Amino acid sequence: MSKHYASAVTAFLVWGFFPLVLRSVGAHPAGEILYFRILFSLVVLVVILAAFMRKKTRENIALFKSLNTKAKTRVITLTLLGGVLLTVNWLVFIYVVNSVNVKTASFSYLICPVITAGLGYILLREKLVAIQWFSILLCAISCVMMGFNNIQELWYSLLIAFSYALYLITQRKNQGFNRLMVLAVQVTFAFLLMNLFFTQLVGSVTVDYSFFGIVFCIALFFTVLPLFLNLYALNKIDAATIGILMYINPLINFTLAFLVLNETASVTQQVGYAIIAIALVLFNVPVLKRKILA
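Predicted model only: the values in this text are computed from it and were never measured.

Caption draft 1: Up close: the packing of aromatic side chains. For the coordinates displayed, the defined rule picks out 21 aromatic pairs. Ring geometry for F211 versus F212: centroids 5.7 Å apart, planes at 55°, classification tilted. Look at F212 and you get buried, because its relative accessible area is 18%. One aromatic cluster is present, built from ring pairs that chain together Y35, F36, F40, F191, F198, Y209, F211, F212 and F216. Geometry around W90 places R37 over its ring, the cationic atom sitting 4.2 Å from the centre.

Caption draft 2: Summary view of unusual backbone geometry. One non-glycine residue, R125, lies in the positive phi region at around 60°. Tracing the backbone shows R125 in the loop between helix 6 (102-124) and helix 7 (130-149). In this model, N262 sits at a positive phi of 60°, which is unusual for a non-glycine residue. Note that N262 resides in the loop between helix 13 (248-260) and helix 14 (267-293).

Caption draft 3: Expanded view of helix 8 (residues 151-173). An ideal rise of 1.5 Å per residue puts 33 Å on 23 residues; helix 8 measures up with 33 Å between its terminal C-alpha atoms. A distance of 3.1 Å separates the backbone nitrogen of Q152 from a side-chain oxygen at the start of helix 8, and that oxygen is part of N150.

Caption draft 4: Spatial organisation of the environment of I242. Residue position: I242 is located in helix 12 (residues 239-245). Here I242 falls in the buried class, since its relative accessible area comes to 7%. Along the sequence, I242 and N149 sit 93 residues apart, while their C-alpha atoms lie 31 Å from each other. Filtering out sequence-adjacent residues up to four positions away, I242 remains in contact with A8, F12, N230, A233, L234 and I237.

Caption draft 5: Representation of the packing of helix 3 (residues 30-52) against helix 11 (residues 209-233). Between helix 3 and helix 11, the shortest axis-to-axis distance is 8 Å and the interhelical angle comes to 55°. Of the possible angle classes, the one that applies to helix 3 and helix 11 is oblique. The handedness of the crossing between helix 3 and helix 11 comes out as right-handed. Across from E32, I33, F36, R37, F40, S41, V44, L45 and I48 in helix 3, the residues of helix 11 making contact are F211, F212, V215, F216, I218, A219, L220, F222, T223 and V224. Of the residues contributing to the contact of helix 3 with helix 11, the split by class is 15 nonpolar, two polar and two charged.

Caption draft 6: Examining a nonpolar patch on the surface more closely. On the surface, L13, F17, L20, L259 and V260 cluster together into a nonpolar patch covering about 450 Å² of accessible area. What makes L20 partly exposed here is its relative accessible area of 33%.

Caption draft 7: Highlighting the nonpolar core. Counting residues in hydrophobic clusters, the biggest one holds 70 residues, and the most contacted among them are L22, I38, F93, F107 and I111. Ranked by size, the runner-up nonpolar core spans 10 residues in total, among them F12, W15, A233 and L245.

Caption draft 8: Looking closely at the environment of M53. Structurally, M53 is set in the loop between helix 3 and helix 4 (54-66). Linking M53 and L225, residues 172 residues apart in sequence, is a C-alpha distance of 16 Å. In this view, M53 contacts I48, N178 and L180; residues no more than four positions away in its chain are not counted.

Caption draft 9: Here's a closer look at the packing of helix 5 (residues 69-99) against helix 9 (residues 179-196). Relative orientation of the contacting elements helix 5 and helix 9 amounts to 60°, with a least axis distance of 8 Å. With respect to their mutual orientation, helix 5 and helix 9 come out oblique. Regarding helix 5 and helix 9, the two cross each other, and that crossing is right-handed. Facing L78, T79, L80, G82, G83, V84, L86 and T87 of helix 5, the residues of helix 9 in contact are V182, L183, V185, Q186, F189, A190, L193 and M194. Its residues assigned to classes, the contact of helix 5 with helix 9 shows 11 nonpolar, five polar and no charged.

Cut-off values and rules
Residues numbered from 1 in each chain as written. Predicted model: local features only at pLDDT ≥ 70, side-chain atom pairs only at ≥ 80, totals over all residues. Heavy atoms only, no water. Phe/Tyr/Trp six-rings, centres within 6.5 Å; stacked < 30°, edge-to-face > 60°. Buried < 20%, exposed > 50% of the residue type's maximum accessible area, 1.4 Å probe, protein only. Lys NZ or Arg CZ within 6 Å of the ring centre and 35° of its normal. Helix = DSSP H or I, 4+ residues; strand = E, 2+ residues; numbered from the N terminus. Expected span 1.5 Å × (residues − 1). Polar contact = N/O pair within 3.5 Å; in protein donor to acceptor, adjacent residues only side chain to side chain. Contact = heavy atoms within 4.5 Å. Axes fitted to C-alpha atoms, helices over the stretch in contact; angles between N-to-C directions. Parallel < 35°, antiparallel > 145°, perpendicular 65-115°, else oblique. Left-handed = near helix turned anticlockwise from the far one by under 90°. Nonpolar A, V, L, I, M, F, W, Y, C, P; charged D, E, K, R; others polar. Patch = residues over 30% accessible without salt bridge, like charges linked within 9 Å, V, L, I, M, F, W, Y side chains within 5 Å. Areas by Shrake-Rupley, 256 points an atom, 1.4 Å probe, with all protein chains shown as cover. Salt bridge = Lys/Arg side-chain N within 4 Å of Asp/Glu carboxyl O. Core = buried A, V, L, I, M, F, W, Y, C linked by side-chain atoms within 4.5 Å.

Here you go:
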């Protein structure tokens, strides 16, 4: 079990330092960074599947073929929708980190678990207790305060948070297939989408080998590796625990934003962050109680 906890913690620690690496290629457009992140991630995933998961790949293809037409349509729709949501999430996150600020990107992942829970209730009929509803209300109050401070930053945060929350919800409904294989299909679809809008999102590409090297590291160490560690952890750790560990990521982001990148927060933002902190503690009280009593 300790190996699985270590895997989960490592994944979120890696993601926490992601903004620093993104800033190192900040001179390039977000679309160009995303295009090569997706391309290199696809290459890495294909190598992994071909070298280490050929049997699992054949099993999953056979499973898909065994489904009836309605089930196949559902799997295809959820998988491709996930690819669209990942593309939007990654593109906006890269743009916000490099062109807006890191604290806005961090705020989105602080509110993301609460938004995911709310969408889970609406779309999946998952149960929430009274204290969690109160946490969602506090989260909404914090968002309103952030909107008064800077409405543009709030919209960016909400777009990142909702796109990732919807991704999690759609994939929760997309069960039965190996997650790395599903991710490979989604990254392939994302790559096709990027090529469709290549002129608008990327434009001309300047040959810069240091840029390609950094983006390859992003694909390997900040995309595929942490996703694999997260999936490995989920084999033994329940989703609720993963949800709590997820806060490691934005907390590191905030630390980097204020202590390393010298970003500042207004009084309104500070109060909003404090409300979010209270909301997150309250939201996770039922989860912690269940784990203590288990």
